[in-house]
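Reading the structure
Read off the chains here:
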Amino acid sequence: EVQLVESGGGLVQPGGSLRLSCAASGFTFSNYAMHWVRQAPGKGLEYVSIISTDGGITHYANSMKGRFTISRDNSKNTLYLQMGSLRAEDTAVYYCARDLVGGAVDYWGQGTLVTVSS
Amino acid sequence: QSALTQPASVSGSPGQSITISCTGSSSDVGGYNYVSWYQQHPGKAPKLMIYEVSGRPSGVSDRFSGSKSGNTASLTISGLQAEDEADYYCRSYTSSSTYVFGTGTKVTVL
């Protein structure tokens, strides 16, 4: 059974940093591109970032470029999102998700809540 | 990258068909066949319903179908059922090698 389990969310002050992790199991992690998607409370889904199977190619939404870094450790079956210079508008549930094809994501984690507030 | 435009809400009676539109530009929806659709119930993670414009993942009911014309993609739900009541989002690949979601549509079953 495919499972994606996010962790690392919590309360952080504006300007602070946080690293999210996503532990994958039930499939060959190194064969799939992976995504981060977020959803602010009561709002819609927002694309964050994507990483290729070997981690060599990454892309980010414009508002996160330069502040967020996606990475992966295929030996640990784990996806990461390093977030810096956090702002109140970064408050959201962050989901990791597996790429099926063409950017469609077929499996999602349960999400981890990040709250940016003083 | 601006969000793709979806109607805020669509409603229908059980058994009816409804269609949700997703309008972008030639830099996203119109330029690529990488449009996917997601269903999200309150408090739950999204679920993939359609990929590559009209592909249906294993386990998704054939009552759900997708199409595209120009810069607008569409999701049609036929034989509307109570459990279809949820939020629906489209998503497209873009010319910037990123992805963009739609604004979301709340489907209500009357």
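This text goes with the structure placed above it.
For the structure given in this document, a descriptive report is provided here. (Residues numbered from 1 in each chain as written. Chains lettered and ligands numbered in written order. Predicted model: local features only at pLDDT ≥ 70, side-chain atom pairs only at ≥ 80, totals over all residues. Heavy atoms only, no water.)

1. Thoughts on the overall build of chain A
Which entries qualify depends on this criterion: Secondary structure elements are taken from DSSP: a helix is a run of H or I of four residues or more, a strand is a run of E of two residues or more, and numbering for both begins at the N terminus. Using C-alpha atoms as the atom set, the radius of gyration is obtained and then compared with a globule rule of 2.2 Å times the number of residues to the power 0.38. Pairs of residues are marked as contacts when any of their non-hydrogen atoms sit within 4.5 Å. To measure how exposed things are, a 1.4 Å probe is used in the Shrake-Rupley method; for residues, cover is taken only from the protein chains shown.
Helix and strand content of chain A: zero helices and eleven strands. Reading chain A from its N terminus to its C terminus gives the helix and strand order β-β-β-β-β-β-β-β-β-β-β. Computed over the C-alpha atoms, the radius of gyration of chain A is 13 Å, within 12% of the 13 Å expected from 2.2 N^0.38 for a compact globule of 118 residues. Across its three principal directions, the C-alpha atoms of chain A cover 40 × 25 × 25 Å. A separation threshold of at least 6 residues defines the contact pool for chain A, and within that pool the share at least 24 residues apart is 52%. A total accessible area of about 5,200 Å² is found for chain A, and carbon and sulfur atoms account for 46% of it.

2. Let's talk about the interface of chain B and chain A
Short version of the rule: Put simply, buried area is the surface a 1.4 Å probe can reach on two separate parts but cannot reach once they are joined, added for both. Within this document, salt bridges are pairs made up of a side-chain nitrogen of Lys or Arg and a carboxyl oxygen of Asp or Glu, the two lying within 4 Å of each other. Polar contact is defined as a pair of N or O atoms within 3.5 Å, subject to the rule that within protein one atom must be able to donate a hydrogen and the other to accept it, and that residues adjacent in sequence are counted only when both atoms are side-chain atoms. Residue classes follow a fixed rule: Ala, Val, Leu, Ile, Met, Phe, Trp, Tyr, Cys and Pro count as nonpolar, while Asp, Glu, Lys and Arg count as charged, and any other residue, Gly among them, counts as polar.
Contact residues are listed per partner, giving 18 residues for chain B and 22 residues for chain A. For the chain B and chain A pair, buried surface summed over both sides reaches about 1,600 Å², with 64% attributable to carbon and sulfur atoms. Per-residue buried area on chain B facing chain A is highest for P46, Y99 and F101 of chain B; these three make up 32% of the total on that side. Between the two partners, chain B and chain A, sit zero salt bridges. The tally of links from chain B across to chain A stands at four residue pairs in polar contact (both at pLDDT 80 or more). Contributing elements (two or more residues each) for the side of chain B that touches chain A: β3 (35-40), β7 (86-93) and β8 (99-101) of chain B. At three residues, β3 of chain B tops the list of elements feeding residues into the side of chain B that touches chain A. Its residues assigned to classes, the side of chain B that touches chain A shows nine nonpolar, six polar and three charged.

3. Description of the side chain of T105 of chain B
Residues and elements named next belong to chain B. Defined as follows: Buried residues are those whose accessible area, probed at 1.4 Å on protein chains only, stays under 20% of the maximum for their type, while exposed residues exceed 50% and partly exposed ones sit between those limits.
Of note, T105 is situated in strand β9 (residues 105-109). With relative accessibility at 1%, the residue T105 sits in the buried group. Only 3.0 Å separates the side chain of T105 from the side chain of Q6, close enough to count as a polar contact. Setting aside anything within four residues of it in sequence, one finds T105 in contact with Q6, P7, A8, S9, V10, I20, A86, D87 and Y88.

4. A look at the pattern of salt bridges
As a working rule, side chains carrying opposite charge can pair if their charged atoms are close by. Residue and element names in this part refer to chain A. Counting across every chain of the model gives five salt bridges over all chains. Ionic pairing is found between R38 and E46, a salt bridge with its closest N-O pair at 2.7 Å. Residue R38 is classed as buried on the basis of its relative accessible area of 5%. Within this structure, R38, E46, R67 and D90 form a network of salt bridges that share partners.

5. Digging into the side chain of E6 of chain A
Spelled out, the test is: Charged-residue counts in this description rest on Lys and Arg as positive and Asp and Glu as negative, His and the chain ends being excluded.
Looking at the secondary structure, you find E6 of chain A in strand β1 (residues 3-7). Summary of buried charges: E6 of chain A has no salt-bridge partner, and the nearest side chain of opposite charge, R91 of chain B, is 12 Å away. Polar contacts involving the side chain of E6 of chain A include one to the main-chain amide nitrogen of C96 of chain A, which spans 2.8 Å. Of the polar contacts made by the side chain of E6 of chain A, one reaches the backbone nitrogen of G111 of chain A; its length is 2.9 Å. Once residues lying within four places of it in the same chain are set aside, the contact partners of E6 of chain A are S21, C22, W36, Y94, Y95, C96, G109, Q110, G111 and T112 of chain A.

As far as function goes, none of this settles anything; it's purely spatial.
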